[in-house]
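# Reading the structure
Listed below are the residues making up each chain.
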Amino acid sequence: MHIVVCIKQVPDTTNVRINPKTNTLEREGVESIINPFDTYAIEEGVRIRERLGEGKVTVLSMGPPQAEAALREAISLGADEAVLLCSRAFAGGDTWSTSLVLALAIKKLGPDLVLAGKQAIDGDTAQVGPGISYHLDWPQACYVSKIREIGKGQAVVESLLENGKEVLAVELPAVLTVVKEINEPRLPSLKGKMRAKKAVITTWNETDIGADPELVGLKGSPTTVARVFSPSRRGAGEMIKAESASEVARLVVAKIKELKIV
Amino acid sequence: MDYFFTEEQQMMVDTAREIAVKKIVPVRAKYDEEQQFPHDVFKAIADADLCGVYIPEEYGGCAGDTGIMNMCLVTEELSKACGGISLSFAGTALGTLPIMIAGSDEQKKRWLPGIATGTLAAFGITESDAGSDAGSMRTTATKDGDDYILNGSKLFITNGGEAEIYSVFAMTDKTKGARGASCFVLEKGMPGFTFGKKEDKMGIRASATRELVFQDCRVPAANRLGREGSGFMTAMKTFDNSRPGVGAQALGIAAGALDLAVDYARTRRQFGQPIIANQGLQWMLADMAMQVEAARALIYATARWIDSGASRPTMASAMSKCFASDVAMKVSIDAIQVFGGVGYTKEYPIEKYARDAKITQIYEGTNQIQRNEIALALIKEAARK
């Protein structure tokens with residue numbers, strides 16, 4: 001079974017701050033990491049390969065040349081091969097054009113299964129996984145917390161819903177996005193790190209995947225980011241205190257009238 | 001300071017550090033308190049391929065030509081987090097060295113690949129009446145056809161009861177004294193090989209220290225390492241290689257304690273300022289740092305010398321173990337002083353460092369025995385001039 005795992009290199013947002021003047025992320029000195037949700041996808045891919053005793057795991061990422069570090073780390077965590085989608089034409093893409101680029105590369109790789117984290121911790125859209133499935137016209141299951149069984153042609157998975165779990169049978173090839181409940185990712189091993197150091201990372205551009213330059217990157221993006229800002233801090237609430245409950249009620253009503261809330 | 005590790009060594013250090021931070025720090029207090037063996041942590045160490053860092057490639061490891069240095073680096077990193085849990089790894093190395101030193105190619109092929117992938121090993125020489133005086137051991141191995149019959153017991157055995165493979169020393173000829181000892185590899189589950197009392201200890205409580213008992217235990221001659229009577233030499237060569245490892249354990253404890261002391265001194269405020277602003281405390285930390293770095297330099301130099309093929313590194317090995325363990329004791333006690341009252345409580349991890357440090361001055365030869373070795377080497381050297 002050939003499994004493609006889509007990963008994204010993101011700033012380690014546990015340490016990131018927003019510059020209040022420019023409203024942009026302060027990227028300087030912030031370490032880049034594999035999107036944490038994607039590490040669960042990598043682990044699940046490796047576990048499926050180990051369980052089946054055959055197959056390979058290819059990690060796929062669209063990003064700048066530095067994203068190669070994330071792909072090498074994925075190899076140290078057990079992935080077999082890595083492909084970096086890197087081109088100026090891809091830059092500035094929104095979730096629509098990004099998922100198109102990934103889908104075209106996946107079509108070329110021809111896997112049986114695509115795994116991704118449920119969302120990235122920088123954009124938090126959770127749209128790229130489903131977008132890939134749309135562009136490929138493959139079935140999708142999102143927020144997968146368990147793969148019950150997987151074999152030729154079909155997978156049975158559990159999806160986390162807001163109020164419970166859903167058990168889905170999906171035909172393969174399919175796109176699954178996973179949540180952190182699915183597994184506990186392993187730590188990189190020494191031999192994995194050595195393999196990662198020596199690994200050859202394949203790099204593809206728009207020509208390699210047969211993408212129309214007009215449909216990818218900023219040009220192919222129907223959405224644009226108008227503005228990024230940190231929400232203004234809300235002050236502490238005002239406590240209304242009085243001698244009796246009826247007096248408190250009177251003050252609250254007066255306040256509501258004053259603020260014209262109702 | 002930059003000690004110019006190879007790229008592989010830097011990976012070993014980084015891998016061990018990640019395990020120390022993510023897998024050991026969160027559980028060290030629990031294992032210390034409950035005095036349980038950390039099988040889950042050891043599995044993580046094995047899964048990260050660290051068990052093979054001192055085992056040659058042809059036997060499933062990745063030692064390259066820097067096996068002892070690798071072993072020291074990994075031991076140091078793990079010990080920064082817990083000097084007890086790290087002993088699952090370091091104690092296995094001690095039990096493995098006799099096989100690497102005296103084993104035949106066939107014997108190495110039989111046991112080393114398993115150890116490189118996570119089988120625990122142990123080393124058994126000490127007896128109740130044979131501690132520093134290892135030559136007076138009473139455990140016997142009597143030849144019987146193609147086998148030996150072992151009788152006796154071994155005391156204070158690290159990884160005892162938990163390990164699968166044991167390098168055990170026994171007298172094959174009592175009349176010859178030290179020259180009558182031989183080394184055997186025993187496997188857990190052999191009829192007549194059982195485990196006795198598990199010690200309740202001051203420190204390294206996450207490490208199992210247990211008695212090995214042999215009652216008419218039949219061991220095939222194929223399990224004897226080296227020729228009959230070569231056991232004592234095997235033990236001495238083992239210690240030459242393993243003592244920098246004890247030094248590295250002590251070094252890790254000292255370095256870990258120093259890190260905690262510096263962090264605490266920067267955050268603890270008294271008289272309106274962090275206590276690290278006091279020059280008296282700064283000088284204390286400076287002395288601690290100097291001692292740690294000196295221990296590190298001595299251990300690394302010794303380990304590299306051994307890896308280069310040194311024939312008699314006894315003096316340097318003894319110095320590494322003795323110096324680093326004295327440093328660990330001093331630095332960990334001083335670190336408690338930096339913490340003040342809370343450092344004396346189990347709410348904070350620092351008191352454990354001092355409890356764990358103490359054993360490094362005692363085992364694999366007390367520091368008095370190490371000083372004997374160093375002095376003996378000095379005298380020999382002077383006599384040769």
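No experiment lies behind these values; they were computed from the predicted model shown.

Take helix 7 (residues 231-267) of chain B next. All names here are of chain B. A rise of 1.5 Å per residue sets the reference length of helix 7, with its 37 residues, at 54 Å; its end C-alpha atoms lie 53 Å apart and thus fit the reference within 8%. In helix 7, a bend of some 35 degrees at Asn241 exceeds every other bend along the element, and Pro244, a proline, comes one to four places later. Burial of helix 7 is extensive: 27 of the 37 residues sit out of reach of the surface.

Take the interface of chain B and chain A next. Residue-level contacts link 17 residues of chain B with ten residues of chain A. Buried surface at the junction of chain B and chain A, both sides included, amounts to about 1,200 Å², of which 64% is carbon and sulfur. Our count for the contact surface shared by chain B and chain A stands at three salt bridges. Among the salt bridges present, the one from A:Lys197 reaches B:Glu8, with a minimum N-O distance of 3.9 Å. The tally of links between chain B and chain A comes to six residue pairs in polar contact (both at pLDDT 80 or more).

Here we take up the domain arrangement of chain B. Frequently, the measure chosen for interface size is the accessible area that the parts lose on association. Residues and elements named next belong to chain B. If you check the domain split of chain B, you get domain 1 (7-120), domain 2 (122-229) and domain 3 (232-384). Each of domain 1 and domain 3 was reduced to a C-alpha centroid, and the two centroids are 20 Å apart. Across the contact, 26 residues belong to domain 1 and 28 residues belong to domain 3. When domain 1 packs against domain 3, close to 2,200 Å² is buried across both sides, 64% of that on carbon and sulfur atoms. Where domain 1 packs against domain 3, one counts two salt bridges. Notably, a salt bridge pairs Glu76 with Arg296, separated by 3.0 Å at the nearest N-O pair.

Residue and element names in this part refer to chain B. Under the criterion given, the structure shown has 14 aromatic pairs over all chains. Here Tyr264 and Phe339 contribute two aromatic rings whose centre-to-centre distance is 4.3 Å and whose plane-to-plane angle is 15 degrees, an arrangement assigned as stacked. Here Tyr264, found in helix 7, pairs with Phe339, found in helix 9 (residues 314-339); they are 75 residues apart in sequence, far enough to count as distant. You can call Tyr264 buried: its relative accessible area is 13%. You can call Phe339 buried: its relative accessible area is 7%. Ring geometry for Tyr264 versus Tyr348: centroids 6.1 Å apart, planes at 80 degrees, classification edge-to-face. Within this pair, whereas Tyr264 is found in helix 7, its partner Tyr348 is found in the loop between helix 9 and helix 10 (350-360), the two being separated by 84 residues in sequence. For Tyr348, a relative accessible area of 32% translates into the label partly exposed.

Turning to the nonpolar core, a few remarks are in order. Counting 115 residues, the largest nonpolar core has B:Ile45, B:Leu50, B:Val53, B:Leu150 and B:Leu186 as its most contacted members. Ranked by residue count, the leading element in this core is helix 7 of chain B, at 13 residues. Setting aside chain neighbours within four positions, we find B:Val53 in contact with A:Leu190, B:Met12, B:Cys62, B:Ala63, B:Gly67, B:Asn70, B:Met71, B:Val74 and B:Phe89. With 38 residues, the next largest nonpolar core counts A:Val46, A:Ala70, A:Leu77 and A:Ala141 among its residues.

This brings us to the side chain of A:Thr98. All names here are of chain A. On the secondary structure map, Thr98 appears in helix 3 (residues 95-109). What makes Thr98 buried here is its relative accessible area of 14%. Polar side-chain contacts of Thr98 include one of 2.7 Å to the backbone oxygen of Asp94. Not counting residues up to four positions away in its chain, the partners in contact with Thr98 are Met62, Gly93 and Val128.

So, about the state of the cysteines. Residues and elements named next belong to chain B. Under the defined criterion, the tally for this structure stands at zero disulfides over all chains. Cys62 carries a free sulfur, and the closest cysteine sulfur to it, the one in Cys51, is 10 Å from it. Classification of Cys62 by relative accessible area gives buried; the value is 13%. Summary of cysteine pairing: Cys82 is not part of a disulfide, and the nearest cysteine sulfur, belonging to Cys51, is at 16 Å.

Rules of the game
- Residues numbered from 1 in each chain as written.
- Chains lettered and ligands numbered in written order.
- Predicted model: local features only at pLDDT ≥ 70, side-chain atom pairs only at ≥ 80, totals over all residues.
- Heavy atoms only, no water.
- Helix = DSSP H or I, 4+ residues; strand = E, 2+ residues; numbered from the N terminus.
- Expected span 1.5 Å × (residues − 1).
- Bend = angle between axes of the 7 residues up to and from the residue.
- Buried < 20%, exposed > 50% of the residue type's maximum accessible area, 1.4 Å probe, protein only.
- Contact = heavy atoms within 4.5 Å.
- Buried area = accessible area lost by both parts, 1.4 Å probe.
- Salt bridge = Lys/Arg side-chain N within 4 Å of Asp/Glu carboxyl O.
- Polar contact = N/O pair within 3.5 Å; in protein donor to acceptor, adjacent residues only side chain to side chain.
- Domains from an automatic or database assignment.
- Phe/Tyr/Trp six-rings, centres within 6.5 Å; stacked < 30°, edge-to-face > 60°.
- Core = buried A, V, L, I, M, F, W, Y, C linked by side-chain atoms within 4.5 Å.
- Disulfide = S-S within 2.5 Å.

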